[in-house]
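An overview of the molecular structure
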There are 2 protein chains.
Amino acid sequence: MMRSMGRWEPNARGRLERAALALYRERGYERVTVAEIAREAGLTERTFFRHYADKREVLFGGSAALQEFLVGKVAAAPADTSPIELVVAALAATGEVFDERRDRARQRQTVIDAHPELRERELIKLATLATALAGALRERGVEESAAILAAQAGIAVFQVAFVRWLADGERDMAELVRGAYEELRTVTAGG
Amino acid sequence: MMRSMGRWEPNARGRLERAALALYRERGYERVTVAEIAREAGLTERTFFRHYADKREVLFGGSAALQEFLVGKVAAAPADTSPIELVVAALAATGEVFDERRDRARQRQTVIDAHPELRERELIKLATLATALAGALRERGVEESAAILAAQAGIAVFQVAFVRWLADGERDMAELVRGAYEELRTVTAGG
DNA sequence: CGAACCGATGTCAGTGTCTGACATCAACGT
DNA sequence: ACGTTGATGTCAGACACTGACATCGGTTCG
């Protein structure tokens with residue numbers, strides 16, 4: 001059993017993520033090479049690519065955990081809830097994860113918004129999340145296209161709420177998610 | 001004035017798009033090099049990159065036209081329509097563009113669905129479309145977040161309808177868009 | 001008509017991303 | 001001790017993409 005110091009400095013991924021965010025913020029995503037990130041983290045370029053599939057992925061280390069969190073919430077919710085409410089309730093609960101880390105999230109988002117390549121990656125993460133949520137709904141017996149639409153609408157709500165959460169200094173995710181959901185209901189009710 | 005044959009074969013973009021789709025279908029996206037596509041089209045790699053920003057973009061030549069079409073429909077619609085109805089009506093009208101080209105669309109989509117890089121590009125095109133639709137709604141006086149949510153919800157409807165349109169052999173876009181919209185209304189009405 | 005110009009293409013050299021193959025070396029179990 | 005394991009390093013190479021400059025029909029203008 002390893003006590004605390006192995007052959008290598010621990011937490012290679014953490015060091016890579018920190019170094020990447022810092023460098024991307026200083027010089028902009030395109031003007032940073034993977035070799036530089038790796039060097040800053042005390043590693044080699046090749047090792048970077050063993051931890052992250054590509055140069056973008058290093059900014060999205062947390063998305064798998066977020067997905068598990070949301071799917072878990074949906075799966076664990078009471079039985080008599082409607083699909084869209086299941087999703088919205090799960091999203092509102094992400095405050096547990098997000099509210100503590102607003103500054104870091106802002107930094108990360110600033111970098112992402114400035115670079116189309118990173119926007120693409122963010123979108124596919126959200127789409128993957130939507131698919132996972134739809135799958136969790138189906139597990140609960142929700143019909144296919146209702147599951148997809150509920151999940152997708154939920155993601156739209158989340159995006160609106162997330163932008164406000166970043167801009168805002170006080171209100172928490174739960175409140176903002178609820179607010180955006182009410183707006184969606186108003187909008188889709190219109191005929 | 002040039003009659004019909006210039007110094008170069010005409011329609012370079014069209015040739016590149018055809019060659020790319022054919023090669024991607026034969027061997028899969030990753031196993032085709034840009035140099036091969038260009039050679040197949042009677043051009044050089046460098047010229048490919050003058051027409052398309054990258055290897056993915058060659059499959060998305062039509063998305064700008066689709067966006068203009070939809071934005072135009074939203075802008076031209078009668079005055080007393082609700083935001084979501086504006087978007088849905090525009091989407092239903094895309095049959096004019098799509099219904100004739102189902103086979104080609106299927107081929108293209110098969111390639112895209114098989115490669116995450118291409119999925120990413122598709123998603124950012126849809127996101128761009130959503131932003132453009134939201135802008136068109138704002139032009140008509142719709143409030144910001146209502147515009148965003150209506151556009152985003154509309155895109156979700158479109159995606160569901162489009163998948164069905166590809167799978168289906170008979171029903172047209174208008175019908176499928178209307179059907180998916182009704183489902184969305186049912187889902188979001190649930191409380 | 002000839003010269004200057006223009007626009008799409010070609011040529012070439014170079015940077016950076018990403019991959020495969022193989023080597024290293026501390027920790028661990030036997 | 002000794003073989004195994006797993007994270008890392010080293011090296012070579014394919015390929016995406018870019019900047020700089022050359023080419024050459026067609027167009028325009030004097």
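The residue numbering used here restarts from 1 in each chain and proceeds along that chain's sequence as written. By the order in which they are written, chains take letters starting at A while ligands take numbers starting at 1. Reporting of local features is limited, given that this is a predicted model, to residues whose pLDDT is at least 70; pairs of side-chain atoms are given and counted only at 80 or more, and all residues count toward the totals for whole chains, interfaces and linings. Only hydrogens and water are removed before side-chain values are computed, so all heavy atoms of the structure are retained for them.

**Side note on the overall build of chain A**
Only DSSP runs of H or I with at least four residues qualify as helices, and only runs of E with at least two residues qualify as strands; both kinds are numbered from the N terminus onward. Regarding its fold elements, chain A presents 10 helices and zero strands. Mapped from its N terminus to its C terminus, chain A presents α and β elements in the order α-α-α-α-α-α-α-α-α-α. Dimensions along the principal axes, computed over C-alpha positions, put chain A at roughly 60 × 40 × 30 Å. Sorting the 191 residues of chain A into buried and exposed places 47% on the buried side. Whether two residues are in contact is decided by their heavy atoms: any pair within 4.5 Å suffices. Long-range contacts, defined as pairs at least 24 residues apart, comprise 67% of the intrachain contacts of chain A with a sequence gap of at least 6. Total accessible area on chain A is roughly 10,000 Å²; 50% of this is exposed by carbon and sulfur atoms. In chain A, the 28 positive side-chain charges and the 29 negative ones have mean positions that sit 6 Å from each other. Throughout this description, buried means an accessible area under 20% of the type-specific maximum (1.4 Å probe, protein chains only), exposed means over 50%, and partly exposed covers the range between. In short, Shrake-Rupley with a 1.4 Å probe defines the accessible areas, and a residue's cover is counted only from the protein chains shown. Positive charges come from Lys and Arg alone, negative charges from Asp and Glu alone, with His and the N- and C-terminal ends not counted. Working definition for charges: the position is that of NZ of Lys, CZ of Arg, CG of Asp or CD of Glu.

**Let's talk about the domain arrangement of chain A**
Residue and element names in this part refer to chain A. What counts as a domain boundary in this text is fixed by an automatic or database domain assignment. Partitioning chain A into domains gives domain 1 (12-58) and domain 2 (61-189). Taken over C-alpha atoms, the centre of domain 1 sits 27 Å from the centre of domain 2. At the junction of the two partners, domain 1 supplies 12 residues and domain 2 supplies 10 residues. Counting each side, the surface lost to burial between domain 1 and domain 2 is near 1,100 Å², with a carbon and sulfur contribution of 52%. On the domain 1 side of the contact with domain 2, Leu21, Tyr29 and Arg56 bury the most area, a combined 46% of that side's loss. Whenever a carboxyl oxygen of Asp or Glu lies within 4 Å of a side-chain nitrogen of Lys or Arg, that contact is scored as a salt bridge. The shortest N-O distance in the salt bridge between Glu117 and Arg56 comes to 3.3 Å. In the analysis that follows, any N or O atom pair within 3.5 Å is treated as a polar contact, provided that within protein one partner can donate a hydrogen and the other can accept it, and provided that, for residues neighboring in sequence, both atoms belong to side chains. Applying the counting criterion to the domain 1 and domain 2 interface returns seven residue pairs in polar contact (both at pLDDT 80 or more). For this scheme, ten residues count as nonpolar: Ala, Val, Leu, Ile, Met, Phe, Trp, Tyr, Cys and Pro. Four count as charged, namely Asp, Glu, Lys and Arg, and the remainder, Gly too, count as polar. Of the residues contributing to the side of domain 1 that touches domain 2, the split by class is four nonpolar, one polar and seven charged. Put simply, buried area is the surface a 1.4 Å probe can reach on two separate parts but cannot reach once they are joined, added for both.

**Structural notes on the relation of the copies chain B and chain A**
The fit set for superposing copies consists of C-alpha atoms from residues with pLDDT of at least 70 in both; the fit itself is least squares. Here chain B sits on chain A after a turn of 180° about the axis and a move of 0.0 Å along it, with an RMSD of 0.0 Å. Here the symmetry operator amounts to a two-fold rotation axis. Judged by C-alpha distance, Glu120 of chain B is the residue of chain B that lies nearest the rotation axis, at 2.7 Å. The overlap is high: 100% of the interface residues of chain B also sit at the interface in chain A, so the same surface is used on both sides.

**Points about the packing of aromatic side chains**
All names here are of chain A. Two rings from Phe, Tyr or Trp (for Trp, the six-membered ring) form a pair when their centres sit within 6.5 Å of each other. Planes less than 30 degrees apart are called stacked, planes more than 60 degrees apart edge-to-face, and all others tilted. Applying the stated criterion across every chain yields a total of 16 aromatic pairs over all chains. Relative to Tyr52, the ring of Phe48 has its centre 5.8 Å away and its plane inclined at 45°; by these criteria the two rings are tilted. Like Tyr52, Phe48 is buried. Of the aromatic side chains, those joined through ring pairs into one cluster are Phe98, Phe158, Phe162 and Trp165.

**Some points on helix H8 (residues 116-139) of chain B**
A helix is expected to reach a length of 1.5 Å times the quantity of its residues less one. The end-to-end C-alpha distance of H8 of chain B is 34 Å, a good match for the 34 Å that 24 residues give at a rise of 1.5 Å each. Directly beyond the C-terminal end of H8 of chain B, a positive phi value near 95° is found at Gly141 of chain B.

**A look at the side chain of Glu85 of chain A**
All names here are of chain A. Within the secondary structure layout, Glu85 lies in helix H5 (residues 83-92). The class of Glu85 is buried, set by a relative accessible area of 15%. In this structure the side chain of Glu85 is engaged in a polar contact, spanning 3.3 Å, whose partner is the side chain of Arg178.

**Observations regarding helix H4 (residues 63-76) of chain B**
Residue and element names in this part refer to chain B. Between its first and last C-alpha atoms H4 spans 20 Å; for 14 residues at 1.5 Å apiece the expected length is 20 Å, and the two agree. All of the buried residues in H4 are Leu66, Phe69, Leu70 and Val74. On an axial view of H4, the arc spanned by its buried residues comes to 130°, and they lie on one face. Those residues of H4 that are exposed and angled more than 90 degrees off the buried face are Ala65, Glu68, Ala75 and Ala76. On its buried face, H4 sits against helix H5 (83-92), helix H6 (95-98) and H8. Each direction from the helix axis to a C-beta atom contributes to the arc, which is the arc of those directions.

**Here's the deal with the packing of helix H7 (residues 102-113) of chain A against helix H9 (residues 144-167) of chain A**
Residue and element names in this part refer to chain A. Here the axes come from fitting lines to C-alpha atoms, over the contacting stretch only for helices, and the angles between their N-to-C directions go from 0 to 180 degrees. Contact geometry for H7 and H9: axes closest at 9 Å, N-to-C directions at 110°. It follows from the interaxial angle that H7 and H9 lie roughly perpendicular. Considering the relative orientation of H7 and H9, their crossing is left-handed. Mapping the contact onto sequence places Arg102, Ala105, Arg106 and Gln109 in H7 and Phe162, Trp165, Leu166 and Ala167 in H9. Its residues assigned to classes, the contact of H7 with H9 shows five nonpolar, one polar and two charged. Should an angle fall under 35 degrees it is called roughly parallel, over 145 degrees roughly antiparallel, and 65 to 115 degrees roughly perpendicular, with every other angle called oblique. Crossing handedness follows the turn of the near helix against the far one: under a right angle anticlockwise gives a left-handed crossing, and clockwise gives a right-handed one.

**Topic: the pattern of salt bridges**
Under the criterion given, the structure shown has 28 salt bridges over all chains. Here Arg106 of chain B and Asp103 of chain B are joined by a salt bridge, their closest N and O atoms 3.5 Å apart. Residue Arg106 of chain B and its partner Asp103 of chain B are both found in helix H7 (residues 102-113); the two are separated by three residues, about one turn of the helix. Using a relative accessible area of 53% as the deciding quantity, one classes Asp103 of chain B as exposed. The residue Arg171 of chain B makes a salt bridge to Asp168 of chain B at a minimum N-O spacing of 2.7 Å. For Arg171 of chain B, a relative accessible area of 38% gives the class partly exposed. Salt bridges here are not isolated pairs; linked through shared partners, they connect Asp54, Arg56, Glu57, Glu117, Arg121 and Lys125 of chain A together with Glu120 of chain B.

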